[in-house]
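Here's the letter readout for the chains.
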Amino acid sequence: MEGLVYPKTTPRILFPTLNRRPSKFSIVRSIPASAMDAHRRNGVGFTPVRAQKAETKDGSATISSVMEDAETALKAKEWEVGMLINEVAASQGIKIRRRPPTGPPLHYVGPFQFRIQNEGNTPRNILEEIVWHKDVEVSQLKQRRPLSMLKNALDNAPPARDFIGALMAANQRTGLPALIAEVKKASPSRGILREDFDPVEIARSYEKGGAACLSILTDEKYFKGSFENLEAVRSAGVKCPLLCKEFIVDAWQIYYARTKGADAVLLIAAVLPDLDIRYMTKICKMLGLTALVEVHDEREMDRVLGIEGIELIGINNRNLETFEVDISNTKKLLEGERGEIIRQKNIIVVGESGLFTPDDIAYVQEAGVKAVLVGESIVKQDDPGKGITGLFGKDISV
Ligand SMILES: O=C(O)c1ccccc1NCC(=O)[C@H](O)[C@H](O)COP(=O)(O)O
């Protein structure tokens, strides 16, 4: 296995040749997942994990300083806690691991220091990579806007609107699954979906075409979305309630989404252990937000059905680890006892991903969904609102 090589010497000693010899220090990654290859081909946001190097103020590379004993012990503890979190998640069948907090161990050979790419420090699939990146992104954002600051900002946020109410009203009005129309410029599996991307124009067109709610991608790196898009759509006067489509790994993000005008947030069961879903759902309720809890398979569905207070479940037909899309996943997860429990608990189910035709809509409606979340097939149309008519096989505008 190959790793990025840095010389090991005493602390703060400059190693001036490092910057001039980048090719010798680059990593050849060996990630087997075909998803990673597809992702790389599409060129959306992939950054290999690299060894960390310290930089001085003048920008030249330095040798990582030798850590003090206390610092080493703290890092070791952080590592252990990180591993424990992953163990709890794994015991619930969660395959997505959280990012190792201190990075992989260093190896010393002569004057060199190696950080070897291995199973433990390399994301195994695209969802894991997104989550690891999100962990870093959120911890940086939190430093700039601590929770106390967000809590103060809540007072100035536009009021939260009834996301589920809007879905139910549209479902009753049309007799068809209510549409959550997705404002999405790009995705890891499909690359760029729309070059001329004006989120407000697309949102208005969706609303005119009969969408009940909108899903706004806010992830920048992998979906080319932003919180500015969310804010812009909200302040443009679009009436449809807005789902903040983000990879939530920390409750701080829920507060942040609310300050930016979100009416709902996504919680992904493939990423979040039960306890996180439980307390994040409570935070959502406290803030007046709807939680759309997303599942991909039977195990995730069973976990989520075991959690009190879940009102809205999304069944994603896209396997976020392999990118495979199969709309029969919706039917499979709503069959038998699970469907029964969902009806008893009055949970609204949303069919997500891979829906392109009126037959697809009819198929998931027959399976039991009251709403659908659709991106690609409508956002790619010249007139996204008219794309809705094509998707449903009839005009569903108000
Ligand atoms: O779509 C991806 O490539 C993707 C990769 C990793 C995590 C999530 C991903 N997509 C999120 C979604 O599931 C879709 O944006 C959403 O359900 C709409 O799907 P579609 O109608 O197929 O655009």
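Here the structure is a predicted model, which means the values were calculated and not measured. One numbering rule holds for all chains: residues counted from 1, following each sequence as written. In keeping with the predicted nature of the model, local features appear solely for residues at pLDDT of at least 70, side-chain atom pairs appear and are counted solely at 80 or more, and the whole-chain, interface and lining totals rest on all residues. Where side-chain values are given, they derive from all heavy atoms of the structure, hydrogens and water being excluded.

## Quick word on the overall build of the chain
Applicable threshold: For helices the rule is a DSSP run of H or I covering at least 4 residues; for strands it is a run of E covering at least 2, with both sets numbered from the N terminus onward. To sort residues, take the accessible area from a 1.4 Å probe on protein chains only and compare it with the maximum for the residue type: under 20% means buried, over 50% means exposed, and anything in between is partly exposed. Using a 1.4 Å probe, the Shrake-Rupley method yields the accessible areas, and only the shown protein chains count as cover for residues.
Tallying secondary structure elements over the chain gives 16 helices and 15 strands in all. When burial is assessed residue by residue, the chain has 53% of its 398 residues classed as buried. Total accessible area on the chain stands at roughly 18,500 Å², and carbon and sulfur atoms take up 52% of it.

## Structural notes on the site of the ligand
Inclusion rule: Here a residue is near a molecule or strand as soon as one of its heavy atoms is found within 4 Å of it. Any N or O atom pair separated by 3.5 Å or less is treated as a polar contact, with the protein-specific requirement of one donor-capable and one acceptor-capable atom, and with residues adjacent in sequence counted only for side-chain atom pairs. Note on residue categories: nonpolar means Ala, Val, Leu, Ile, Met, Phe, Trp, Tyr, Cys or Pro, charged means Asp, Glu, Lys or Arg, and polar means any other residue, Gly included.
The ligand sits among 20 residues. The nearest are Glu-182, Lys-184, Ser-189, Ser-353 and Gly-375. Within the backbone of Glu-376, one N or O atom sits 2.8 Å away from an oxygen atom of the ligand. When the ligand is considered free in solution it has 520 Å² of accessible area, and contact with the protein chains removes 98% of it. Residue composition of the shell around the ligand, by class: eight nonpolar, six polar and six charged.

## Details of the packing of helix H9 (residues 252-259) against helix H10 (residues 274-287)
Stated formally: Helix axes use the C-alpha atoms of the stretch in contact, all axes being lines fitted to C-alpha atoms, and the angles between their N-to-C directions lie in the range 0 to 180 degrees. Working definition: roughly parallel below 35 degrees, roughly antiparallel above 145 degrees, roughly perpendicular at 65 to 115 degrees, and oblique for all remaining angles. Crossings are classed by handedness, with left-handed meaning an anticlockwise turn of the near helix from the far one by less than a right angle and right-handed meaning a clockwise turn. Whether two residues are in contact is decided by their heavy atoms: any pair within 4.5 Å suffices.
The contact between H9 and H10 brings their axes to 10 Å, and the two run at 25°. Relative to H10, H9 is oriented roughly parallel. Between H9 and H10 lies a crossing of right-handed hand. Contacts between H9 and H10 involve Ile-254, Tyr-255 and Arg-258 on the former and, on the latter, Met-280, Ile-283, Cys-284, Met-286 and Leu-287. Of the residues in the contact of H9 with H10, the class split is seven nonpolar, no polar and one charged.

## Section: the side chain of Glu-246
Within the secondary structure layout, Glu-246 lies in the loop between strand S10 (242-245) and H9. Judged by relative accessible area, Glu-246 falls into the buried class, the value being 3%. Only 2.9 Å separates the side chain of Glu-246 from the side chain of Thr-218, close enough to count as a polar contact. Among residues more than four places away in sequence, those in contact with Glu-246 are Lys-134, Thr-218, Asp-219, Phe-227, Gln-253 and Leu-266.

## Structural notes on the sheet that holds strand S15 (residues 371-374)
Keep this limit in mind: For two strands to be treated as a pair, DSSP must find no fewer than two bridges joining them.
With parallel pairing, eight strands are arranged side by side around a closed barrel as S6-S9-S10-S11-S12-S13-S14-S15. Strand after strand, the sheet turns through a mean of 25° between neighbouring axes, direction not considered. Across four bridges, strand S9 (residues 213-217) lies against S10 in parallel orientation. Following the sheet pairing, Leu-214 is matched in S10 by Leu-242. Packing against the sheet, helix H7 (residues 199-209) makes contact with strand S6 (178-183) and S9, and its axis sits at approximately 165° to S6.

## As for the environment of Leu-312
Take Leu-312: it is sitting in strand S13 (residues 312-316). Considering only alpha carbons, one finds Leu-312 and Ile-347, 35 residues apart in sequence, at a separation of 5.7 Å. Excluding residues that lie within four positions of it along the chain, Leu-312 makes contacts with Phe-163, Ile-164, Leu-167, Thr-290, Ala-291, Leu-292, Val-293, Ile-347, Ile-348 and Val-350.

## Quick word on the pattern of salt bridges
Note the cut-off: Only one rule defines a salt bridge in this text: a Lys or Arg side-chain nitrogen within 4 Å of an Asp or Glu carboxyl oxygen.
Scanning the model with the defined rule gives 19 salt bridges in all. Note that Glu-376 and Arg-190 form a salt bridge whose closest N and O atoms lie 2.7 Å from each other. Of the two residues, Glu-376 is situated in helix H15 (residues 376-379) and Arg-190 in the loop between strand S7 (186-187) and strand S8 (191-192); the sequence distance between them amounts to 186 residues. Accessibility expressed as a relative area gives 12% for Glu-376, which makes it buried. Arg-190 gets classed as partly exposed once you look at its relative accessible area, which sits at 39%. Taking the shortest distance from any N to any O, the salt bridge between Arg-343 and Glu-340 comes out at 3.2 Å.

## Section: the pairing of strand S12 (residues 290-295)
For clarity, the threshold we go by: Here, the term right-handed applies to a crossover whose path from the first strand over the helix to the second runs clockwise when the strands point away from the viewer.
Along S12, six of the six residues are buried, which leaves the element largely enclosed by surrounding structure. Neither face of S12 is exposed, since Thr-290, Leu-292 and Glu-294 on one face and Ala-291, Val-293 and Val-295 on the opposite face are all buried. Bridge count for strand S11 (residues 264-268) against S12 is five bridges, and the pairing is parallel. Looking at S12, one finds that Val-265 is bridged to Ala-291. Regarding topology, helix H11 (residues 298-305) serves as the crossover connection from S12 to the parallel S13, and that connection is right-handed.

## Side note on the side chain of Thr-259
Within the secondary structure, Thr-259 is located in helix H9. Within the structure, the side chain of Thr-259 is placed 2.6 Å from the backbone oxygen of Tyr-256, a separation counted as a polar contact. Sequence-distant contacts of Thr-259, that is, excluding residues within four places in its chain, are made with Leu-150, Ala-153, Leu-154 and Ala-157.

## With respect to the environment of Gly-209
Relative to the elements of secondary structure, Gly-209 occurs in helix H7. Sequence-wise, Gly-209 and Arg-161 are 48 residues apart; in three dimensions their C-alpha atoms are separated by 20 Å. When residues no more than four places from it in sequence are discounted, the contact partners of Gly-209 are Gly-385, Ile-388, Ile-396 and Ser-397.

## Some thoughts on the UniProt feature "domain: Indole-3-glycerol phosphate synthase" (unreviewed entry) in the chain
Heads up, the rule is: UniProt positions are given in the numbering used here, feature names are shortened, and annotations may be inferred rather than shown by experiment.
In the numbering adopted here, UniProt assigns the feature "domain: Indole-3-glycerol phosphate synthase" (unreviewed entry) to residues 127-388. Each end of residues 127-388 is marked by a C-alpha atom, and these two atoms are 28 Å apart; helix forms 47% of the span and strand 17%.

## Describing helix H8 (residues 227-235)
Put simply, the rule reads: An arc is given here, and it is the one of the directions from the helix axis to the C-beta atoms.
Those residues of H8 that fall on the buried side of the exposure criterion are Phe-227, Asn-229, Leu-230, Val-233 and Arg-234. The arc enclosing the buried residues of H8, seen along the axis, measures out at 155°, which places them on a common side. Those residues of H8 that are exposed and aimed more than 90 degrees away from the buried face are Glu-228 and Ser-235. Elements that come into contact with the buried residues of H8 comprise H7, S9, S10 and H9. Gly-237 sits one or two residues past H8 and shows a positive phi near 90°.

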